[in-house]
Amino acid sequence: MPSSHAHPEPCPGDDRTTDLIRWAAFSCVLVPVVLLWYGTSLAGTAGTALGLAAVTAVCRLLLRRSERCAARLLTEEDAPRAHHRGRHQRTGTGSHRGGRHSGGNSPVG
C-alpha cells in the first residue's frame, strides 16, 4: 500500500505557497478591521496593517525563492552526471594529490 506522505504528484491547481500567501493577505485585512472594531486608534491600526503587509511580502519573496532553488536542484539531479565531476575526481595539471612535489617550481640550491 503506497504511503500518502511519499512524493505526491502536484496537481495543476495545487499550489500551497499561493494558498499560504492568500491567507496571509486575508489576515492583513482582517487584523486591522478587528483592531478598529475593538477601539484601537486609526494610526495604530494603519501601522499594524503596514507591518503585516511588509512581513507578508518578504515571506512571499523568500518562499518563491526557495521554490525556485528546490526546482533547480531537482532538475540538476535529473541531469546526466557525465559533465559534472565531484571535487575529488578532478584530473589534470592543476590537481593536488598530496605528498611531496618535485621539479618545476622548487628552488635549486
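Residues numbered from 1 in each chain as written. Predicted model: local features only at pLDDT ≥ 70, side-chain atom pairs only at ≥ 80, totals over all residues. Heavy atoms only, no water.

Draft legend 1. Region of interest: a nonpolar patch on the surface. The grouping of W23, F26, L30, V34, W37 and Y38 at the surface amounts to a nonpolar patch, some 790 Å² of accessible area in total. On the secondary structure map, L30 appears in helix 1 (residues 16–37). Here L30 falls in the partly exposed class, since its relative accessible area comes to 39%. (Patch = residues over 30% accessible without salt bridge, like charges linked within 9 Å, V, L, I, M, F, W, Y side chains within 5 Å. Areas by Shrake-Rupley, 256 points an atom, 1.4 Å probe, with all protein chains shown as cover. Salt bridge = Lys/Arg side-chain N within 4 Å of Asp/Glu carboxyl O. Helix = DSSP H or I, 4+ residues; strand = E, 2+ residues; numbered from the N terminus. Buried < 20%, exposed > 50% of the residue type's maximum accessible area, 1.4 Å probe, protein only.)

Draft legend 2. How the structure looks around the packing of aromatic side chains. Under the definition given, this model contains one aromatic pair. Judged by centre distance (5.7 Å) and plane angle (90°), the rings of W23 and F26 are edge-to-face. In this pair, W23 and F26 both sit in helix 1, three residues apart, roughly one turn of the helix. The exposed category is assigned to W23, whose relative accessible area is 59%. (Phe/Tyr/Trp six-rings, centres within 6.5 Å; stacked < 30°, edge-to-face > 60°.)

Draft legend 3. Spatial organisation of the pattern of salt bridges. Applying the stated criterion across every chain yields a total of one salt bridge. Note that R64 is salt-bridged to E67, the shortest N-O span being 3.3 Å. Of this pair, R64 and E67 are both found in helix 2 (residues 42–78), three residues apart, which corresponds to roughly one turn of the helix. Residue E67 is classed as partly exposed on the basis of its relative accessible area, which comes to 31%.

Draft legend 4. Region of the structure containing helix 1. Here helix 1 is 22 residues long and its end C-alpha atoms lie 31 Å apart, about the 32 Å a rise of 1.5 Å per residue gives. Residues T17, T18, I21, C28 and P32 constitute the buried set of helix 1. Looking at the packing, one finds that the buried side of helix 1 touches helix 2. Immediately downstream of helix 1, the backbone of G39 shows phi near 95°, a positive value. (Expected span 1.5 Å × (residues − 1). Contact = heavy atoms within 4.5 Å.)

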